[in-house]
Amino acid sequence: MSGDRPSPLVIERILRDRQGIWQQIVAERDLNAMTGRMLASSAIALACYGAVLGAFHSPLMALTSALKLPLLFLVTLAICLPTLYLFNLVFGARLSVRQSLALVMVAITVTSMLAVAFAPISLFFLITAPDYGFFKLLNVAILTLSALVGLRFLTGGMQVLNDHGLLAPEAAQAQAQAQAQAPAQAAPAAVPAGTAPAAAPVAVQVAEPVAVPAGAAAAGSAGAVPNGATPDVASPAAQVPAQVPAQVPAQWAGQPAVASFPPGMLPPGYAQPQRPWGNPPARRAEPTQRPASMTLLYIWILLFGFVGTQLAWTLRPFFGDPGQDFAFFRSIDGNFYAEILRTIGNL
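Residues numbered from 1 in each chain as written. Predicted model: local features only at pLDDT ≥ 70, side-chain atom pairs only at ≥ 80, totals over all residues. Heavy atoms only, no water.

**Remarks on the packing of aromatic side chains**
Rule in force here: In summary, the pairing rule links any two rings of Phe, Tyr or Trp, Trp by its six-membered ring, whose centres are within 6.5 Å, and it sorts them by plane angle into stacked for under 30 degrees, edge-to-face for over 60 and tilted for everything else. With a 1.4 Å probe rolled over the protein chains alone, any residue whose accessible area is under 20% of its type maximum counts as buried; one over 50% counts as exposed, and the rest are partly exposed. A ring has a charge above it when a Lys NZ or an Arg CZ is no more than 6 Å from the ring centre and no more than 35 degrees off the ring normal.
Overall, the coordinates contain nine aromatic pairs when judged by the stated rule. Seen from their ring centres, F328 and F329 are 4.7 Å apart, and the 85° between their planes marks the pair as edge-to-face. A residue is classified by how much of its surface remains accessible, and F329, at 44% relative accessible area, is partly exposed. The aromatic ring of F328 is capped on one face by K68, whose charged end is 5.3 Å from the ring centroid.

Structure, rendered in structure tokens:
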């Protein structure tokens with residue numbers, strides 16, 4: 001899919017054309033419309049999934065959960081978004097508020113759509129195995145998995161913004177200057193037309209003489225040792241000279257070449273492989289340092305998770321204990337993690 005065409009299925013474009021989404025956020029092009037569509041899609045998807053959660057208790061609980069689940073994500077976003085924006089400003093990032101909001105809304109949209117995709121599975125277990133503890137843990141696991149996938153999209157989008165220099169502009173400018181200076185330093189000097197390049201002297205290390213037996217004079221004169229013959233180091237009957245090229249090619253002018261054979265290690269006539277002239281050895285790429293904004297992003301994700309779980313505990317019930325009457329809110333006692341551990345213990 002190309003272009004940002006109006007469609008209620010904005011999740012389809014996010015999944016099919018995520019690079020286009022990131023480029024649109026980088027360019028700040030039509031972010032208000034795209035963020036509005038993601039907000040509407042997320043609210044509808046979370047409302048549908050919230051209705052499935054509350055259906056375990058009663059139709060009235062299904063209606064209230066359909067209202068409270070989108071509210072949970074939006075209030076969590078409103079609490080944590082200023083922290084993300086200020087984190088980026090403190091460490092020199094150039095993200096605007098609209099870019100930060102669009103990035104987080106991509107993560108929430110993916111989370112909500114993935115959760116509503118699990119709604120038929122949750123409804124199936126609601127009908128076939130109506131156990132309150134199991135149903136609660138099943139849906140907590142579904143929401144956790146969906147949130148992890150959505151936050152993976154958030155880190156991917158932040159990495160793209162980092163590649164465009166929006167998170168660490170000073171490092172990006174220094175890298176661009178280094179890349180611009182590298183071709184200028186590596187460019188060869190121009191040779192005037194009609195001038196033949198002078199052949200540069202070639203430094204050659206001649207291998208130490210390798211002697212052959214006196215009886216193999218014919219083979220010795222050819223510079224080779226017969227098969228099965230043992231070289232006689234005391235007899236100078238035959239010596240193997242090093243091959244020196246008569247003329248150095250023009251494209252190799254000015255480049256040193258050393259041909260050496262370690263004494264006693266290589267057989268006569270063995271051509272030691274040499275690196276072509278003019279080809280410098282490849283340098284290992286230096287590892288790039290992760291910008292502070294990316295490190296703080298992971299800290300912000302943990303903060304987002306803690307705020308979201310505590311707010312979910314404050315806005316409960318979402319499922320509705322069948323042993324209790326309907327209530328829009330419960331009293332604030334305990335915490336979310338203790339309740340999950342208690343439920344696992346009861347199972």
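So much for the structure itself; the text now carries on.
**Re the nonpolar core**
What counts, and what does not: Within this scheme, the nonpolar core is defined by two criteria: the residues are buried Ala, Val, Leu, Ile, Met, Phe, Trp, Tyr or Cys, and they are joined through side-chain atoms within 4.5 Å. Strands here are runs of E lasting at least two residues and helices are runs of H or I lasting at least four, both read from the DSSP assignment and numbered beginning at the N terminus. The contact rule is simple, with two residues in contact once any of their heavy atoms fall within 4.5 Å.
In this structure, I25, L154 and W300 are the most contacted members of the largest nonpolar core, which totals 56 residues. When residues of this core are traced back to their parent elements, those giving at least two are α1 (10-16), α2 (18-27), α3 (31-54), α4 (59-90), α5 (97-117), α6 (119-128), α7 (132-163) and α10 (292-314). No other element matches α5, which puts 10 residues into this core. Once residues lying within four places of it in the same chain are set aside, the contact partners of L154 are L103, V104, A107, L297, W300 and I301.

**Remarks on unusual backbone geometry**
Cis rather than trans, the peptide bond between R316 and P317 has omega equal to 10°. Along the chain, the position of P317 falls in the loop between α10 and α11 (336-346). Of note in the backbone geometry, E28 takes a positive phi value of approximately 55° without being a glycine. Considering the arrangement of structural elements, one finds E28 in the loop between α2 and α3. A positive phi is found at D30, a non-glycine position, where the angle reads about 55°. Structurally, the position occupied by D30 is in the loop between α2 and α3.

**Some words on the confidence of the model for the protein chain**
Detailed reading of the predicted coordinates is not advisable wherever pLDDT is low. This is how the line gets drawn: As a per-residue measure, pLDDT reflects the predictor's confidence and takes values from 0 up to 100.
With 61% of its residues at a pLDDT of 70 or more, the protein chain shows a mean pLDDT of 74. With pLDDT under 50 throughout, residues 194-225 is counted as low confidence; its partners more than four residues away or in other chains account for 51 contacts. Every residue in residues 233-246 is under pLDDT 50, and counting partners more than four places away or in other chains gives 19 contacts.

**A short note on the pattern of salt bridges**
Here is the rule: Here a salt bridge means any side-chain nitrogen of Lys or Arg lying within 4 Å of a carboxyl oxygen belonging to Asp or Glu.
As enumerated under the stated definition, the model contains five salt bridges in all. Taking the shortest distance from any N to any O, the salt bridge between R16 and E12 comes out at 3.2 Å. In this pair, R16 and E12 are both assigned in helix α1, four residues apart and thus about one turn of the helix distant. The partly exposed category is assigned to E12, whose relative accessible area is 31%. We note a salt bridge from E339 to R342, for which the minimum N-O separation is 2.5 Å. Taken as a pair, E339 and R342 lie in helix α11 at a separation of three residues, close to a single helical turn. By relative accessible area, which is 16% here, E339 ends up buried. Residue classification places R342 among the partly exposed residues on the basis of a relative accessible area of 45%. Residues participating in the shared-partner salt-bridge network are K136, E339 and R342.

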